[in-house]
Each structure stands twice: as structure tokens, then as C-alpha cells.
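Here's the letter readout for the chains.
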Amino acid sequence: MNPKYRRLFIIILIVFTIALATQLVLIALRDNIIYFFTPNELKIKYGDNENIKRKIRVGGLVLENSVVKNNDIVNFTITDNKNEILVVFNGQLPDLFREGQGIVAEGNFKDNKLIATQVLAKHDENYMPPEVADALKKNGAWKGDKDK
Amino acid sequence: MIPEIGHIFLILAFVSSIMQITYWTYNTKNLNLLALDILKNGVLINCLFILISFSILTYSFVVSDFSLLIVSNNSHSLKPMLYKISGTWGNHEGSLLLWVLILSSFTFWVSKKKQINNNLLFSILGVQTLILCLFLAFILFTSNPFERVETIALEGRGLNPLLQDPGLAFHPPMLYIGYVGLSVSFSFAVGALITGKINKEWAQQIRPWISISWSALTLGIALGSWWAYYELGWGGWWFWDPVENASFMPWLIATALLHSIRILEKRLIFVNWCILLSILGFSFSLLGTFIVRSGLLTSVHSFATDPSRGVFILIIMIISIGGPLILYALKSSIFKEPKVQFNLLSKESALLINNLFFTTATATVLIGTLYPLFLDALSGAKISIGPAYYNATFAPIMTPIILLMAIAPFLNWGKGKSKNLLKIIALLTLTSLIAAFSLSTINGSSIFAIICGTLSFWLFVGVISDFFVKIKETKLKITKMGSIFLYISKIGIGMNVAHLGVAIFLAGITGEQFFKTEFSGRKNIGDTFYIEDKLLEFKNFQTLKGPNYQSEMATFTLYQNNKFIGYLKPEKRFYPTEQSQTTEAAILTGFWGDTYVVLGDGDNQSGWSIRAYFNPLVSWIWSGAFFMALGGLLSFFEHKNITKKNIRLT
């Protein structure tokens, strides 16, 4: 291939690949983004009786005395001190899950409950998921940084 | 007193690096051998100073000197020795000190290379020292590891128990060797821009550095993933977590560079592209280091941060990435490439496509990693991007690369006709069709499982055939077993081994992703349950005391076909110092798969909640990565032999 055609070939290849990749990225972003809400934001945005089709994440503090374990199914309430949401989770809770701890639950919102597929508590006892910290700061429930 | 000595040596290294940079800028125009020698000695001095400083910090951790802030925050006198030592880099300040130690060692290593042209070497050492200087400033002004506390605690707070693990003790050093190794190829590129000269020797000399850092990165990433698999207790091994991505992006760029540098070495074309990739590779390393360190993205790895660090980080990034990119824009046009012609079906085209796909793949990962940040900054919406995004973008882009990977070794350079090509494609297609068919007959198989498994098989056949073709082409008769190794070292099989690693890795993914079986339920002592064809019996439950934790341990006996296979002992550990709990999964690794058992809550009345998995071929994932790293290392040594031979000839 002489250099002129080579350049043409390279350009076509690059344009094609980038177009393809952009398409893939756009589709993937449309379908696979998971939005994060605090219980209050969720109530404001979707009211009480709406089912949200896509997966969401809800973050906040685990309400004291709200954890009920029934065999492998765990029920607990996440609060941002303004609103609360009941979470139902069937699975192994992370080691750092405890009452009063900031956590994030991911799953489908149905009949006013979050059917969680995953519960995230980060791997540091003093750690607060930043989304939760931000949200709590915003509505004044933040108690300041604990000592680090 | 002793920590202060460490601090002083760190300051001395900083001062000496500033002096060297001044000297370097002053002498760049009229370089003489004396100036080069002075700079070389300076590099040695930096390296020694930092080594002393690092040793003193390690010593403080070993003797548990709690008057140091980071020791009292990250160590404990009862901690096992290995974790006292690894505690040195298990925190922000210490890990940066390790970073500069590796950087200065690499710089010293380069300065010992006699083959490198003097002008180029002078520029390389200058650039390396500049990076070192920036990092030393960052450590000294924002993250001093030798900071004292006013009231000395009697006992430290301990290291995060999750990090007390042999896999993780060596994960950061390995990763850092990879990151920092890429600084050498970066400096080679900047050096070429400064001196304005590039030739085949340049490509030959840069390649081993890329190989070695690529290997280290591969191992580092694999160690991290292995740790996540057995320590986090849900059996996953890769989560597309931002921090994982941060180490994966430099790896992708380094992979692209490792391939494109071959064209440069052979044909002296794509000079600018290689220089750009070298700069990008280290830029992504910096981005990787800082994404983790700045707390910009959150994850297991993020440490507490303060805003002054963020600004400093930004300055370092601008100087060390922006500078070279401007230099590149100004000077890259000086490199004249020879008019080389090549076929559409040639190694050049194949390597070019490889590069195109690898950089595109990097871009998709970059978008997935940074998009949530941008969206947060622009609209305040909080989102997260999970594995689904990457499965939909990264995987399809990688598929053609794997297809190409099996064929590319059979293509010729330039315009030569490839003799075996049609035969090989026929062979690959035929065997892969058989593989696809057999995969489809397995229970629970899906279309993606078939694609993934077939790709693995396709590549495997390609690699093996290439190996035999190579052996045949040497036209040597293998008489003794010992001579096999001689031939192998002659033909160079680093590439084959690395590609074989990819095939093994893909097989591992196929097994783990698509054929996993899971059991969960409540079991009491004496109960039995099946997972696949394996029978597990809950034998007993006991409480134990470890060196710095208390443990609850269950014992399971594993039988297969009524034969005793082994014991599985999952634990729940409680670390009183850190007030935290960890789950230690029990794993019985086999060639065909792992049996993985996790102990949950419970008591002897209602039983314990038990989760068990059978993960087929999962250990192939890390064996694959190991083979890739080994391949990189082999090509590092093969290359050494080749350059030595060349020198002897001339």
C-alpha cells in the first residue's frame, strides 16, 4: 500500500472505530447509569406509590433499632433524618454494616420499599460514603467529621 | 531523634534534586561528559538519601515508634512483623515515600546504561529528576511522613484489618514499580523531543523498560484482584471500581505502547504516535496515583484528604503532563519518517489496529470512570456506573483484538506474502467451531459464554500453532531436552507466553462469569449440603484467639464422589483495636475450580447462615495474568540478549 492510500485507510479505520465506540458508550450510558438518592430526595421526586423501573441507589444512615433479621432476609431502614426508606435485602451484609453507620443500598424501588441487590458499606470504620456525607450536610443532619 | 534524621535526608534529597535540575537546565545546550558524570552522581546521591529516609520510616514501624503520627495511626505493637513492615506503605505518606524510592531507583538504573546516547541520557536523567523533585516537594509540604505527635500514645490504632494480608502487602509495591517504570519510557520520549533525534536504537533501548513496567503492572493488578476475591468475601474479582480502573488504564496504554514500539523498532514509522503513547502512559500512571491519593473518587483505597493536597496534585499534573504535551505539539514535526510501504495484510496493519482498539478501550474506561465526576460537578446529580456499562462497551471492543491476536503473529512485515495465513485461519475456524459447539452443550450455557470460551480457544490454538511454526522455521533438530531451552531462547517466546496468558485468562473468565453455582442457607453442626457434585458437611464450630484478633471458625468437610477432598475453615474475625470485623472466606482451590465458603451470622440453636460457591476455572484468571507478566519478563531478557549480540557484532 503506498503512503497516500495508507493514510486514507488509517483515517477511515479510526473514524469507523471511534464512531462505533461512541455509539457503544452512548447506549451503555443511557441504560446503565444508576442514580443516587437520599430517602428525602426520593420521596420528593417520586412521591409515595410509584415504582421506578431502573435500578437506583439510596444512601443514608441505618436507623437505630431498625434492623430485623429473618433467616437470610434482612429488613432495615435508611434515614437522612428527614425521611426514611425501608430496605429489604437477601444476602450477606458487609462486615462494616451496623446501626448508625452510613451505607448505600442498590436495587429496585417497588411498593415503597427498596428491594436491594447490594448493600455497600466501605471498608473503614470511620468512613462515610461521600454521597451520604454530602446529602446529610445539605439537609443539616451532618454531625461533623468524627476524629480521623 | 532517629525519625528526624529520616526527615533531614528527605530534605537533603529535595535540595540536591533542585541543584541537579538547575545544573541540568544550565548545561543542556553545551553538554560535556563531565556534566553527565556529575548528573549521574547526583542521581545516585538522591537514591541513597531516599533509601536512608525510607529505611528509617520502616524502622519506626518495626519498633512501633508511636511518637510518629502515621505510625500511631496505622500500626499496633501486636501486629505481625510482615504487616508492620507493609504498614509503611499502607498509608498515604508512606506510600508516596515508596513511590519516590522506586522512582529514584529506576533513575539510577537508567543512569547505569552505557548503550544510551549521551545527549539522550542527559535529558532522561534531567526529566526523571524533575519528576522526583516535584514529588519530594509534594511529600515535604503536604504529606510529611515524619510528623510527630505531641502526646505520645501508648498503643497505635492498628492497620485496617482488611489490609492485613500478604496479597495486599505486595500489591502496592508491584503496582508502583509498574507506574514508575512507565516514567522511564516517558523520559525517553521527552528526551527524544528535547534532543530531536530518534532512531532504531532508541526504540530498542526503550522497549525493555516498557516490558518490565508492563509486567509489574500486570502482577500488581492481579494481586489486587486476587485479594479482593478471597478477602472481600463475595467471590468477585473485578468490580470496575474507579480505583481499579485507575490502575487498568495505564496498563491498557502500556499494552498499546508495547506493541507499537515493535513497528518503530522494525520500520522506524509511527514515531510520533509512540512518543505520544509514552507520554500518555505515564500521565495515566500519575492520574492513577492521584485518583487514589486525592480522594477524588472514593473506594477502599482512599485516604483522608485535605484541599491543599488537591491543589498541589493539580500543579504536578499540569507540569508533568502539560509540559511534555506542549513540547510534543511544538517539536513532533521534526521527526522525518522514511517512506515505508506495507500491505493491508501485514504486521504493521495488525499492530496499528491493535493500538487503535486499545486506545479506544482506554477511552471508554476513562469516560466510565470520570463521567460521574463531571455530572456531579455540572448538575449535582449523583450517579454511579457499574459493571454493566463496561460489559457493554469494553467487552465488544476487546473481542476483535482477541480475534486479531491469534492471526497477527503469522502476518509478515511490510509487503511480504504470508504463506501460512489461509491454512491457519482455516485451522482456527474449524477448531473454534468445534469448541463453540461443545460449549453450547454444557448445562447453563449462554451465547456470551460461548463467545467468550470460543475466543479463548481460538487464541489458544493460534498461540500454539505460532510456537510450532517458529520452532520449524529455525530448521534445527532437537536432539537433547536441554537444547530445547536454547532454541526457545533463540526464537523469543515472550510474546507467545504473554498471549497464552490471555487465552488462559479468558478461559478463567468464561468459567467464573458464566458457570458459577451458588448455595445459601442456614445450616447447623452435623448438616450436609451439596454444591455441584460436592458434598459439604458442617463438622464443628469453635472460637479461637489470633495474634491481634478473636476468631469464630467453622469447619466443613468436603467430599466428592464419596471421597474425602479436604477441610474448609471459614472464619469471622474481630479486631478489638480497630473495633472491626472481617470475614475470612475459606477457599479450596482446585485445577477445575474453587470451592468457596463464607460464614455468616448465627448461633448453635438456629444454625449459621452459610454461603457457598463453586467457581469453575477461577484460578485460571490469575494464572493467566501470571503468564502475561512472565511473557513480559521473558521479552525483557530476550531483548537484553539481542542488544548484547548487536554490540558484539559492531
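Note that the structure is a prediction, hence the values are computed from the model and not measured.

### Things to note about the overall build of chain A
Here is step 1: In terms of helices and strands, chain A carries 3 helices and 7 strands.
Here is step 2: Across chain A, helices and strands are ordered from the amino to the carboxyl terminus as α-β-α-β-β-β-β-β-β-α.
Here is step 3: A buried classification covers 32% of the 148 residues belonging to chain A.
Here is step 4: Here the contacts in chain A between residues at least 6 apart in sequence split such that 54% fall between residues at least 24 apart.

### Remarks on the pairing of strand E8 (residues 580–584) of chain B
Residues and elements named next belong to chain B.
Here is step 1: In this structure, strand E7 (residues 571–575) lies alongside E8, joined through 5 bridges in antiparallel fashion. Bridged to Phe574 within E8 is Gln581.
Here is step 2: What sits between E7 and E8 in their antiparallel hairpin is a turn of 4 residues, with Gln579 showing a positive phi close to 55°.

### Description of the pairing of strand E5 (residues 84–90) of chain A
All names here are of chain A.
Here is step 1: Covered by surrounding structure in E5 are Ile85, Val87 and Phe89 only, the residues Glu84, Leu86, Val88 and Asn90 on the alternate face being uncovered.
Here is step 2: In terms of strand pairing, strand E4 (residues 73–79) meets E5 through 7 bridges, oriented antiparallel. Residue Asn75 lies in a different strand from E5, and its bridge partner there is Val88.
Here is step 3: Between E4 and E5, which follow one another and run antiparallel, lie 4 residues, and Asn81 among them has a positive phi close to 70°.
Here is step 4: In terms of strand pairing, E5 meets strand E7 (residues 113–120) through 4 bridges, oriented parallel.

### Brief notes about the sheet that holds strand E2 (residues 517–523) of chain B
Whenever strands of a sheet pair, they do so through backbone hydrogen bonds, lying parallel or antiparallel.
Residue and element names in this part refer to chain B.
Here is step 1: Read across the open sheet, the 4 strands follow the order E2-E11-E10-E9; overall the sheet is antiparallel. Either end of the sheet is taken by a strand with one partner, and the two such strands are E2 and strand E9 (586–589). This sheet shows a mean twist of 15° between the axes of neighbouring strands, independent of strand direction.
Here is step 2: In this structure, E2 lies alongside strand E11 (residues 607–616), joined through 7 bridges in antiparallel fashion. Note that in E11 the partner of Phe519 across the bridge is Ala612.

### Comments concerning the nonpolar core
Here is step 1: Of all hydrophobic cores here, the largest spans 166 residues; its most connected members are Val100(B), Phe135(B) and Leu459(B).
Here is step 2: Dropping the residues within four chain positions of it, Val100(B) is found in contact with Ile50(B), Leu132(B), Phe135(B), Leu136(B) and Ile139(B).
Here is step 3: If you look at the next biggest cluster of nonpolar residues, it comprises 20 residues, including Phe37(A), Val87(A), Phe89(A) and Ala105(A).

### Here's the deal with unusual backbone geometry
Residue and element names in this part refer to chain B.
Here is step 1: One non-glycine residue with positive phi stands out, namely Asn562, at about 60°.
Here is step 2: Tracing the chain through its elements places Asn562 in the loop between strand E5 (550–560) and strand E6 (563–568).
Here is step 3: The class of Asn562 is exposed, set by 6 C-beta atoms lying within 10 Å.

### Description of the packing of helix H7 (residues 166–195) of chain B against helix H9 (residues 242–267) of chain B
Packed helices, taken two at a time, are described by their axes: the angle between them and the distance between them.
All names here are of chain B.
Here is step 1: Look at H7 against H9: their axes get within 11 Å of each other, and the N-to-C directions meet at 45°. In this view, H7 runs oblique relative to H9, as classed from their interaxial angle. Between H7 and H9 lies a crossing whose hand is left-handed. When H7 is examined against H9, the residues Leu175, Tyr179, Leu182 and Ser185 are found in contact with a partner set consisting of Ser247, Pro250, Ala254 and Leu257.
Here is step 2: Of the residues assigned to the contact of H7 with H9, the class counts are 6 nonpolar, 2 polar and no charged.

### As for the confidence of the model for chain A
All names here are of chain A.
Here is step 1: Summary statistics for chain A give a mean pLDDT of 77 and a share of 76% for residues scoring 70 or more.
Here is step 2: The weakest mean pLDDT in chain A belongs to helix H3 (residues 130–138) at 64; the strongest belongs to E5 at 89.
Here is step 3: Within the model, the stretch residues 123–127 combines pLDDT values under 50 with 12 contacts to residues more than four positions away or in other chains.
Here is step 4: Here residues 144–148 is a poorly scored stretch, pLDDT under 50, and it has 3 contacts once near neighbours within four places are set aside; other chains count.

### Points about the packing of helix H2 (residues 33–62) of chain B against helix H6 (residues 118–142) of chain B
All names here are of chain B.
Here is step 1: Put simply, H2 and H6 touch, their axes get as near as 10 Å, and they point 35° apart. Pair H2 / H6 crosses with left-handed handedness. Of H6, the residues touching H2 (which contributes Leu36, Leu39, Lys40, Val43 and Asn46) are Asn118, Leu121, Phe122, Leu125, Thr129 and Leu132.
Here is step 2: For the contact of H2 with H6, the per-class residue count stands at 7 nonpolar, 3 polar and 1 charged.

### Quick word on helix H5 (residues 92–111) of chain B
Here is step 1: Under the 1.5 Å per step criterion, the end-to-end length of H5(B) is 29 Å for 20 residues, consistent within 8% with the ideal 28 Å.
Here is step 2: A large share of H5(B) lies buried, amounting to 17 of its 20 residues.

Conventions we followed
- Residues numbered from 1 in each chain as written.
- Chains lettered and ligands numbered in written order.
- Predicted model: local features only at pLDDT ≥ 70, side-chain atom pairs only at ≥ 80, totals over all residues.
- Helix = DSSP H or I, 4+ residues; strand = E, 2+ residues; numbered from the N terminus.
- Buried ≥ 20, exposed ≤ 12 C-beta atoms within 10 Å, placed from the backbone.
- Contact = placed C-beta atoms within 7 Å.
- Pairing = 2+ DSSP bridges.
- Axes fitted to C-alpha atoms, helices over the stretch in contact; angles between N-to-C directions.
- Core = buried A, V, L, I, M, F, W, Y, C linked by C-beta atoms within 7 Å.
- Parallel < 35°, antiparallel > 145°, perpendicular 65-115°, else oblique.
- Left-handed = near helix turned anticlockwise from the far one by under 90°.
- Nonpolar A, V, L, I, M, F, W, Y, C, P; charged D, E, K, R; others polar.
- pLDDT = per-residue confidence, 0-100.
- Expected span 1.5 Å × (residues − 1).

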